[in-house]
Amino acid sequence: IGHQKEINFAKSVSMKEKKSLSIITFEPHPKCFFKKKYENFRITPFRVKYGEIKKLGVNFYFNFRFSNSFSNISAISFIQDVLIKKLQVSHIVTGFDFVFGYKQQGNIKLLKKMSNSTKAFTFSEVKEYKKKNITEVSSSEVRKFLKVGNVKSAKKILGRNWSIQARVIKGKSLARKIGFPTANISLRNYCDLCFGVYAVEIRLKKDFFKSTFKGI
């Protein structure tokens, strides 16, 4: 819901200025790229994230491949060479705690400074979003809730039910011997969900929007 707030604010700016609304993301996630301990870090896989953002009425989605060479681009070079020269931005919208560039040296102060000095773009900062009974509206909080099995609180921050989309993989075929065949799916690319039993709704890809099955 924090990202939705930012995107909806940017959408209002784009409509007012009659400009296209664009989103920039990075793959793989920078934290995953630098530290192996961030395996099972993802809340939403790229294709699902793309679909959710598309629902918000975004015109263009720019996804940059994060690599060693990309991580060495300075914050000022990213603004000048990527945002101004290549993308020709007219207005930039970020959250209050946004950081970018080599060793995270860029922040909203630098964006404001470059906006004033270059006159190439205007800049807006979206303040921290607060919600009742939620300590912090952030991806980190969602991961904390999922790791303890609190899917209801995770939903309050996500603004939707947490879901997974993955291939069914071969298991040990033990459950079918007692009359309860199971579908095993790989979760290795997702945030660790607390071990337990959950009520679920299942939709098959070939019939995704028509049939929903109840399961555990």
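From a predicted model like this one, the values you see are computed outputs, not experimental measurements.

### Examining the overall build of the chain
For the chain, the helix and strand inventory stands at 8 helices and 10 strands. On the principal axes, the C-alpha backbone points of the chain span a range of 70 × 35 × 35 Å. Residues classed as buried in the chain amount to 28% of the 216 residues present. The contacts in the chain between residues at least 6 apart in sequence include a share of 59% that link residues at least 24 apart. For the chain, the accessible surface area stands at approximately 15,700 Å², while carbon and sulfur atoms represent 54% of it. Distance from the positive charge centre (44 side chains) to the negative charge centre (14 side chains) of the chain: 4 Å.

### So, a nonpolar patch on the surface
Together, Ile 164, Val 168, Ile 185 and Leu 187 line one region of the surface with nonpolar side chains, adding up to about 310 Å² of accessible area. Mapped onto the fold, Ile 164 is located in the loop between helix 8 (151–158) and strand 7 (168–169). The class for Ile 164 is partly exposed, based on a relative accessible area of 32%.

### A word on the packing of helix 7 (residues 139–147) against helix 8
In the contact formed by helix 7 and helix 8, the axes pass within 8 Å of each other and the chain directions differ by 160°. Taken together, the axes of helix 7 and helix 8 are roughly antiparallel relative to one another. Of the two elements, helix 7 crosses helix 8, and the hand of that crossing is left-handed. Taking contact as the criterion, the partners of Glu 141, Val 142, Phe 145 and Leu 146 in helix 7 are, on helix 8, Val 151, Ser 153, Ala 154, Ile 157 and Leu 158. Partitioning the contact of helix 7 with helix 8 into residue classes produces 7 nonpolar, 1 polar and 1 charged.

### A look at the environment of Asn 68
By secondary structure assignment, the location of Asn 68 is in helix 4 (residues 68–71). Residue class for Asn 68 comes out exposed when judged on its relative accessible area of 52%. When the C-alpha atoms of Asn 68 and Ser 163 are compared, they prove to be 31 Å apart, with 95 residues separating the residues in sequence.

### Observations concerning the nonpolar core
Core analysis: the largest hydrophobic core is formed by 17 residues, its most contacted members being Ile 79, Ile 92, Phe 100, Leu 111 and Phe 121. Looking at this core, the elements with two or more residues in it are helix 5 (75–86) and helix 6 (108–118). Among the elements that make up this core, the one with the highest residue count is helix 5 (5 residues). For Phe 121, the residues in contact, after removing those within four places along its chain, are Ile 79, Ile 84, Val 89, Ser 90, His 91, Ile 92, Leu 111, Met 114 and Ser 115. In this structure, Ile 43, Val 137, Val 142 and Ala 154 belong to the second largest nonpolar core, which totals 13 residues.

### Here's the deal with helix 5
Of the residues making up helix 5, those classed as buried are Ala 75, Phe 78, Ile 79, Val 82 and Leu 83. Down the axis of helix 5, the buried set is contained in an arc of 120°. They therefore lie on one face. Exposed residues lying more than 90 degrees from the buried face of helix 5 are Lys 85 and Lys 86. Within two residues after helix 5, Gln 88 carries a phi angle of roughly 50°, on the positive side.

### Describing the pattern of salt bridges
Close approach of charged atoms allows side chains of opposite charge to pair. Counted under the stated rule, the structure contains 10 salt bridges. Among the ionic pairs, Glu 201 bridges to Lys 214, the shortest N-O distance being 3.1 Å. Of the two residues, Glu 201 is situated in strand 9 (residues 200–202) and Lys 214 in strand 10 (residues 213–215); the sequence distance between them amounts to 13 residues. A cluster of three or more residues bridged by salt bridges with shared partners is formed by Glu 52, Lys 55 and Arg 160.

### As for the packing of helix 5 against helix 6
A pair of packed helices can be characterised by two numbers: the angle between their axes and the separation between those axes. At a minimum axis distance of 11 Å, the contact between helix 5 and helix 6 shows a crossing angle of 55°. By the angle class used here, helix 5 and helix 6 are oblique. When you trace helix 5 past helix 6, the crossing you get is right-handed. Packed against helix 5, whose contacting residues are Ala 75, Ile 76, Ile 79, Gln 80 and Ile 84, the element helix 6 presents Leu 110, Leu 111, Met 114 and Thr 118 at the interface. By residue class, the composition of the contact of helix 5 with helix 6 is 7 nonpolar, 2 polar and no charged.

Basis of the calculations
- Residues numbered from 1 in each chain as written.
- Predicted model: local features only at pLDDT ≥ 70, side-chain atom pairs only at ≥ 80, totals over all residues.
- Heavy atoms only, no water.
- Helix = DSSP H or I, 4+ residues; strand = E, 2+ residues; numbered from the N terminus.
- Buried < 20%, exposed > 50% of the residue type's maximum accessible area, 1.4 Å probe, protein only.
- Contact = heavy atoms within 4.5 Å.
- Areas by Shrake-Rupley, 256 points an atom, 1.4 Å probe, with all protein chains shown as cover.
- Lys, Arg positive; Asp, Glu negative; His and termini not counted.
- Charge placed at Lys NZ, Arg CZ, Asp CG, Glu CD.
- Patch = residues over 30% accessible without salt bridge, like charges linked within 9 Å, V, L, I, M, F, W, Y side chains within 5 Å.
- Salt bridge = Lys/Arg side-chain N within 4 Å of Asp/Glu carboxyl O.
- Axes fitted to C-alpha atoms, helices over the stretch in contact; angles between N-to-C directions.
- Parallel < 35°, antiparallel > 145°, perpendicular 65-115°, else oblique.
- Left-handed = near helix turned anticlockwise from the far one by under 90°.
- Nonpolar A, V, L, I, M, F, W, Y, C, P; charged D, E, K, R; others polar.
- Core = buried A, V, L, I, M, F, W, Y, C linked by side-chain atoms within 4.5 Å.
- Arc of directions from axis to C-beta.

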